[in-house]
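# Structural characterization, general
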Amino acid sequence: MSIRFEKGLNKDNATLLCKWSNEQGKEFQEQWMGSRISYPLNYDKIKELKNIFSIFNKEEFLGIIQQIRVDKDNIHIGRFVLEPCKTGLGLGKEALQGFIDLIFEDNNIKSISLTVFDFNQNAKRLYEKLGFEIDEVIETPTLKYIMKRYR
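Residue numbers run consecutively from 1 along every chain, following the written order of its sequence. Owing to the predicted nature of the model, reporting of local features is limited to residues with pLDDT of at least 70; listing and counting of side-chain atom pairs is limited to 80 or more, with chain, interface and lining totals taken over all residues. Side-chain metrics rest on all non-hydrogen atoms present in the structure, leaving aside hydrogens and water.

## Overview of the pairing of strand E2 (residues 52-57)
- For E2, the buried fraction is high: six of the six residues fall into the buried class.
- Burial of E2 is two-sided: the residues Ile52, Ser54 and Phe56 facing one way and the residues Phe53, Ile55 and Asn57 facing the other way are all buried.
- Pairing of strand E1 (residues 3-7) with E2 involves five bridges; the strand directions are antiparallel. The residue of E2 that forms the bridge with Arg4 is Phe56.
- One bridge is not enough; two strands pair if DSSP finds at least two bridges between them. The helix count covers DSSP runs of H or I at least four residues long, the strand count covers runs of E at least two residues long, and both are numbered beginning at the N terminus. Looking at chain direction, E2 and strand E3 (residues 60-71) are connected through six bridges and run antiparallel. Looking at the pairing, Asn57 lines up with Glu60 of E3.
- Count of turn residues in the E2/E3 antiparallel hairpin: two residues, of which Lys58 carries a positive phi of about 60°. Exposed residues in this analysis have more than 50% of their type's maximum accessible area, buried residues have under 20%, and partly exposed residues fall in between, with area computed by a 1.4 Å probe over protein chains only.

In structure tokens form, the structure reads like this:
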């Protein structure tokens, strides 16, 4: 595997991302995209997203990850999604580790945080394997965690 990142998301890959997400359904979209963007997903809904990075394995588009916000010395990431048929192959772990390494190239960044739903135990285990720990528990209609990893 040769994971790499490109800042931005071109229209062809955005359309492919919409197809993957819409095939999986509304719950899947809300899980990785949040509830602010209505289902079904289309290009017009995602073209304005800032700080998106496209994920590739060599030249093959695999998905996206986003830096949602920077708070002092912490970057919160989200909207991390891979092509559904590519999950379980180690690509997500390699992609997330690569993105963590990319973020920590900035010596001013001391931690990375992300949000995960309690029901998404596969993602939670992945994040724990990569050094994230539960930092905050949020009880909305659905239980979710803010997980954090320090340098």
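## Considering helix H2 (residues 26-33)
- Buried within H2 we find Gln29, Trp32 and Met33. Buried residues of H2, seen end-on, are gathered within an arc of 85° and therefore sit on one face of the element.
- Any pair of residues with heavy atoms lying within 4.5 Å of one another is described as a contacting pair. Contacts made by the buried residues of H2 are with helix H1 (11-24), helix H3 (43-46), E3 and strand E4 (74-82).
- Gly34 sits one or two residues past H2 and shows a positive phi near 90°. Regarding the arc, it is the one traced by the directions from the helix axis to the C-beta atoms.

## A short note on H1
- Look at H1: 20 Å from first C-alpha to last across 14 residues, which is about the 20 Å you get at 1.5 Å a residue.
- For H1, every residue scored as buried is listed here: Asn13, Ala14, Leu17, Cys18, Trp20 and Ser21. In an axial view of H1, the angular spread of the buried residues amounts to 165°, which keeps them on one side of the axis. Those residues of H1 that are exposed and aimed more than 90 degrees away from the buried face are Lys11, Asp12 and Glu23.
- On the buried face of H1, the contacting elements are H2, H3, E2, E3 and E4.
- Residues adjacent in sequence count toward polar contacts only when both atoms are side-chain atoms; beyond that, a polar contact is any pair of N or O atoms within 3.5 Å, and within protein one must be able to donate a hydrogen and the other to accept it. Where H1 begins, the side chain of Asn10 points an oxygen toward the backbone nitrogen of Asp12, at a separation of 3.1 Å. To estimate the expected span of a helix, count its residues, drop one, and scale the result by 1.5 Å.

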